[in-house]
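# Per-entry structural report
Single-letter residue listing:
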Amino acid sequence: MNAKRLLTIAAHETRTLVKGPLFWALIFLIGLATSALNPTAVIPDGAADDPEPFINSVFAIASSFAMLTFFLYTFFAAIMAGLSIIRDDEQRI
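Residue indices follow the written sequence of each chain, beginning from 1 at its first position. Restriction of local features to residues with pLDDT of at least 70 applies here, the model being predicted, together with a cutoff of 80 or more for giving and counting side-chain atom pairs; totals for whole chains, interfaces and linings are based on all residues. Each side-chain value is derived from all of the structure's non-hydrogen atoms; neither hydrogens nor water enter the calculation.

## Observations concerning the overall build of the protein
- A helix here means a DSSP run of H or I that spans at least four residues, while a strand means a run of E at least two residues long, and both kinds are numbered starting from the N terminus. Tallying secondary structure elements over the protein gives three helices and zero strands in all.
- Starting at the N terminus and ending at the C terminus, the protein contains elements arranged as α-α-α.
- For the protein, the proportion of its 93 residues judged to be buried stands at 14%.
- Total accessible area on the protein is roughly 7300 Å²; 71% of this is exposed by carbon and sulfur atoms. Buried, partly exposed and exposed residues are distinguished by accessible area as a fraction of the type maximum, computed with a 1.4 Å probe on protein chains only: under 20%, between the cut-offs, and over 50%, respectively. Each accessible area is a Shrake-Rupley estimate made with a 1.4 Å probe; only the visible protein chains count as cover when residues are assessed.

## Quick look at the packing of aromatic side chains
- For this analysis, a ring pair means two rings from Phe, Tyr or Trp (six-membered ring only for Trp) whose centres lie within 6.5 Å, classed as stacked if their planes differ by under 30 degrees, edge-to-face if by over 60, and tilted for the remaining angles. Under the criterion given, the structure shown has three aromatic pairs.
- Seen from their ring centres, Phe-75 and Phe-76 are 5.4 Å apart, and the 80° between their planes marks the pair as edge-to-face.
- In this structure Phe-76 comes out as buried when scored by relative accessible area, which is 5%.

## A look at a nonpolar patch on the surface
- Only residues above 30% relative accessible area that lack a salt bridge enter a patch, with like-charged residues linked at up to 9 Å and the nonpolar side chains Val, Leu, Ile, Met, Phe, Trp and Tyr linked at up to 5 Å. Here a salt bridge means any side-chain nitrogen of Lys or Arg lying within 4 Å of a carboxyl oxygen belonging to Asp or Glu. A grouping of Met-1, Leu-6 and Ile-9 is seen on the molecular surface, where their side chains present a nonpolar patch of about 340 Å² in accessible area.
- Mapped onto the elements, Leu-6 comes out in helix 1 (residues 3-19).

## Focus: the pattern of salt bridges
- Counted under the stated rule, the structure contains one salt bridge.
- The partner of Arg-87 in a salt bridge is Glu-13, and the shortest N-O contact between them spans 2.7 Å. With Arg-87 in helix 3 (residues 58-90) and Glu-13 in helix 1, this residue pair connects regions lying 74 residues apart in the sequence.

## Re the confidence of the model for the protein
- For the protein, per-residue confidence averages 78 on the pLDDT scale, and 77% of positions sit at 70 or higher.
- Every residue is assigned a pLDDT by the predictor, reflecting its confidence on a scale from 0 to 100. Looking at the elements of the protein, mean pLDDT is at its lowest for helix 3, recorded as 82, and at its highest for helix 1, recorded as 89.

## Comments concerning the packing of helix 2 (residues 21-36) against helix 3
- Orientation is described by lines fitted to C-alpha atoms, with helices fitted over the stretch in contact, and by angles between N-to-C directions that extend from 0 to 180 degrees. Across the interface, helix 2 lies against helix 3 with an axial gap of 11 Å and an inter-helix angle of 175°. When the interaxial angle is binned, helix 2 and helix 3 end up roughly antiparallel. Contacts between helix 2 and helix 3 pair Leu-22, Phe-23, Ala-25, Leu-26, Leu-29, Ile-30, Ala-33 and Thr-34 from the former with Phe-65, Leu-68, Thr-69, Leu-72, Tyr-73, Phe-76, Ile-79, Met-80 and Leu-83 from the latter.
- Three classes are used: nonpolar for Ala, Val, Leu, Ile, Met, Phe, Trp, Tyr, Cys and Pro, charged for Asp, Glu, Lys and Arg, and polar for all others, with Gly counted as polar. When its residues are assigned to classes, the contact of helix 2 with helix 3 shows 15 nonpolar, two polar and no charged. When an angle is under 35 degrees it counts as roughly parallel; over 145 it counts as roughly antiparallel; between 65 and 115 it counts as roughly perpendicular; any other value is oblique. Throughout, a residue-residue contact means that at least one pair of heavy atoms, one from each residue, lies within 4.5 Å.

What follows is the structure, encoded as structure tokens:
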């Protein structure tokens with residue numbers, strides 16, 4: 001397969017997926033996760049003066065956000081890849 005055909009197919013798939021609701025659901029969930037993971041939301045027992053050490057540190061939040069993002073992206077990438085194969089079969093490509 002030559003490079004021009006590969007770029008044409010990749011551009012078409014990207015345009016198709018960005019217009020779909022699945023992509024926007026992914027963007028919404030990532031935005032929700034970003035706004036929900038703030039350092040003050042993880043304080044145990046609601047006591048702001050005596051929190052457990054490192055439970056709401058930047059490093060703990062970064063690791064949990066990295067895992068959440070990894071699982072969300074792999075889940076949605078698998079669904080989008082599967083839907084493009086189904087769409088090709090429906091259009092008899």
